[in-house]
Amino acid sequence: MKLEGKTVVITGGNRGIGLQLVRQLLSRGNTVFATARQPSKADELQKLVDGSSGQLTVLQLDVASPESVEKWAAALKARTPHVDLLVNNSGVRDEWSGLEEVTAADMLHCFQTNAIGPLLVTQQLHKQRLLGSGSGGGSLMGSIDDNGSGSDYAYRASKAALNIVNKSLSIDLAGEGITCVLLHPGYVVTDMTGGRGLIDTKTCVAGLLKVLEKEEEAINGRWFDYKGQEVPW
Ligand SMILES: NC(=O)c1ccc[n+]([C@@H]2O[C@H](COP(=O)([O-])OP(=O)(O)OC[C@H]3O[C@@H](n4cnc5c(N)ncnc54)[C@H](OP(=O)(O)O)[C@@H]3O)[C@@H](O)[C@H]2O)c1
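From a predicted model like this one, the values you see are computed outputs, not experimental measurements.

Draft legend 1. Expanded view of the pairing of strand β3 (residues 56-60). As judged from the five bridges shared by strand β2 (residues 31-36) and β3, these two strands associate in the parallel manner. Across the sheet, Ala34 pairs through a bridge with Val58, a residue of β3. Where the polypeptide runs from β2 across helix α2 (residues 43-50) and back to β3, its parallel neighbour, the crossover connection is right-handed.

Here you go:
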C-alpha cells in the first residue's frame, strides 16, 4: 500500500518504536492518531502535537482494559471517518520470566497487553467501521522455529498467541480488502531492551514502513522483519 496521504493509528506512540513511527509518518505528511496510557505525561508526543498543525492527535488508551479500548474507539470515531493503517505497537516484556521465576500473573499480564489488546483494538475499529488495513506488532520472540535460547515464557507465549490472532484476522478481514501483516522490528534500542539492541528506532521504522509499502507481493497473513525478510513461524 502507498502510505502517502493515509490516516494512521499507532498504539503506544509515546516512546520507543511507536514514537519513532509517529515522527516518520508526520514528516511524510500523514495524519496520525497516536495513543498513550498517560497523555499528560507523554512529553515528546505533546511537543510533536504542538508543531504538527493539527496533523497529530493523541488519545488515551490502555490496551489491557477492554473498557478503555471501547471508549477510545468511540472517541476516535468522533474525530475521523476512517483509518487506513492501524499499527498495534503497544507491548510489554516483563523484567525476566525464566523457569524458576515465571508466575501466572506475568503470563496474564503479557497476554492481556500483547495478544488480547491488539485483538480488541482491531475488533473495536472494525465495529466502528473505521478499519482500512490492520497490522500486528509482532516479535521474533513469538517464533517457535527461532527459539534457540528458551526462557522468557510470558513474552514469548504472548507474542506466539498474537501470531495466530493475526493469522485469523488476515483470513476474516481479507474479503473486506483489509491486509493484516505481522512485523518484527529487529532488536531495537528502546526501554524494552534496557537500551541494548542492534539497531536504532530510526533504522527500524524506516525498514518497517518499506515493508508496508511492498507492492511486488501480497503481504496479507505473513510475517516480515524490518529488512523485508520473511520470518519463520
Ligand atoms: N525493542 C525491540 O527490540 C523489540 C523487538 C521485537 C518486538 N518489539 C515490539 O515492538 C513494540 C514496541 O516496543 P518498544 O521496544 O518500542 O517498547 P517500549 O519502548 O517499552 O514501548 C512500549 C510502548 O507500549 C506501551 N504500552 C505498554 N503497555 C500498554 C498498555 N497496556 N496499553 C497501551 N500501551 C501500552 C508503552 O506505554 P507506557 O509508556 O504507558 O508504558 C509504550 O508506549 C512492542 O510490541 C514490542 O513487543 C520490540
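After that view of the structure, there is still more to cover.
Draft legend 2. Local environment of the site of the ligand. If you check the shell around the ligand, you find 28 residues, and the closest are Asn14, Arg15, Arg37, Tyr155 and Thr190. In the model, an oxygen atom of the ligand is placed 2.6 Å from a nitrogen or oxygen of the Arg37 side chain. At 2.6 Å from an oxygen atom of the ligand is found a side-chain nitrogen or oxygen belonging to Thr190. Relative to its free-state accessible area of 900 Å², the ligand is covered by the protein chains to the extent of 93%. If you list the elements that add at least two residues to the shell around the ligand, you get α1 (16-27) and α5 (153-172). Here the shell around the ligand is composed, by residue class, of ten nonpolar, 13 polar and five charged.

Draft legend 3. Region of interest: the packing of α1 against α2. Contact geometry for α1 and α2: axes closest at 11 Å, N-to-C directions at 10 degrees. If you check the angle between α1 and α2, you find them roughly parallel. Contacts between α1 and α2 pair Leu19, Val22, Arg23 and Leu26 from the former with Glu44, Leu45 and Leu48 from the latter. Residue classes in the contact of α1 with α2 are distributed as five nonpolar, no polar and two charged.

Draft legend 4. Representation of the nonpolar core within the structure. Grouped together as the largest cluster of nonpolar side chains are 32 residues, with contacts concentrated most on Ile10, Val22, Leu45 and Leu56. With residues up to four places along the chain from it excluded, the contact list for Ile10 reads Gly18, Leu21, Val22, Leu25, Val32, Phe33, Ala34, Thr35, Val87 and Asn89. By size, the runner-up hydrophobic cluster in this structure holds 21 residues, among which are Leu59, Leu125, Val165 and Cys180.

Draft legend 5. Examining the pattern of salt bridges more closely. This model, assessed by the stated rule, comprises six salt bridges. With a closest N to O distance of 3.3 Å, Glu213 and Arg28 form a salt bridge. Of this pair, Glu213 sits in the loop between α6 (201-212) and β7 (223-225) while Arg28 is found in the loop between α1 and β2, placing the two residues 185 residues apart along the sequence. Since its relative accessible area comes to 40%, Arg28 is described here as partly exposed. Linking Arg93 and Asp152 is a salt bridge whose minimum nitrogen-to-oxygen distance equals 2.3 Å. Highlighted residues: Arg93 in the loop between β4 (85-87) and α4 (104-127) and Asp152 in the loop between β5 (134-136) and α5, separated in sequence by 59 residues. A relative accessible area of 32% places Arg93 in the partly exposed class. When salt bridges with common partners are traced through the structure, they connect Arg23, Glu44 and Lys47 into a single cluster.

Draft legend 6. Representation of the packing of aromatic side chains within the structure. Per the counting criterion, the structure on display carries one aromatic pair. Their ring planes at 40 degrees and their centres at 5.2 Å tell us that Trp223 and Trp233 sit as a pair that is tilted. You can see Trp223 sitting in strand β7 and its partner Trp233 sitting in the segment after β7, a full ten residues away along the chain. When the ring centre of Tyr155 is taken as reference, the NZ or CZ atom of Arg93 above it lies at 5.4 Å.

Draft legend 7. Seen up close, the pairing of strand β1 (residues 7-10). Here β1 shows a buried face lined by Thr7 and Val9 and a second buried face lined by Val8 and Ile10. Here β1 pairs with β2 via four bridges, running parallel. Paired with Thr7 across the two strands is Thr31, which belongs to β2. In terms of strand pairing, β1 meets β4 through three bridges, oriented parallel.

What counts, and at which threshold
- Residues numbered from 1 in each chain as written.
- Predicted model: local features only at pLDDT ≥ 70, side-chain atom pairs only at ≥ 80, totals over all residues.
- Heavy atoms only, no water.
- Pairing = 2+ DSSP bridges.
- Helix = DSSP H or I, 4+ residues; strand = E, 2+ residues; numbered from the N terminus.
- Right-handed = clockwise from strand over helix to strand, strands pointing away.
- Near = heavy atom within 4 Å.
- Polar contact = N/O pair within 3.5 Å; in protein donor to acceptor, adjacent residues only side chain to side chain.
- Areas by Shrake-Rupley, 256 points an atom, 1.4 Å probe, with all protein chains shown as cover.
- Nonpolar A, V, L, I, M, F, W, Y, C, P; charged D, E, K, R; others polar.
- Axes fitted to C-alpha atoms, helices over the stretch in contact; angles between N-to-C directions.
- Parallel < 35°, antiparallel > 145°, perpendicular 65-115°, else oblique.
- Contact = heavy atoms within 4.5 Å.
- Core = buried A, V, L, I, M, F, W, Y, C linked by side-chain atoms within 4.5 Å.
- Buried < 20%, exposed > 50% of the residue type's maximum accessible area, 1.4 Å probe, protein only.
- Salt bridge = Lys/Arg side-chain N within 4 Å of Asp/Glu carboxyl O.
- Phe/Tyr/Trp six-rings, centres within 6.5 Å; stacked < 30°, edge-to-face > 60°.
- Lys NZ or Arg CZ within 6 Å of the ring centre and 35° of its normal.

These figures come from the coordinates and say nothing about function on their own.
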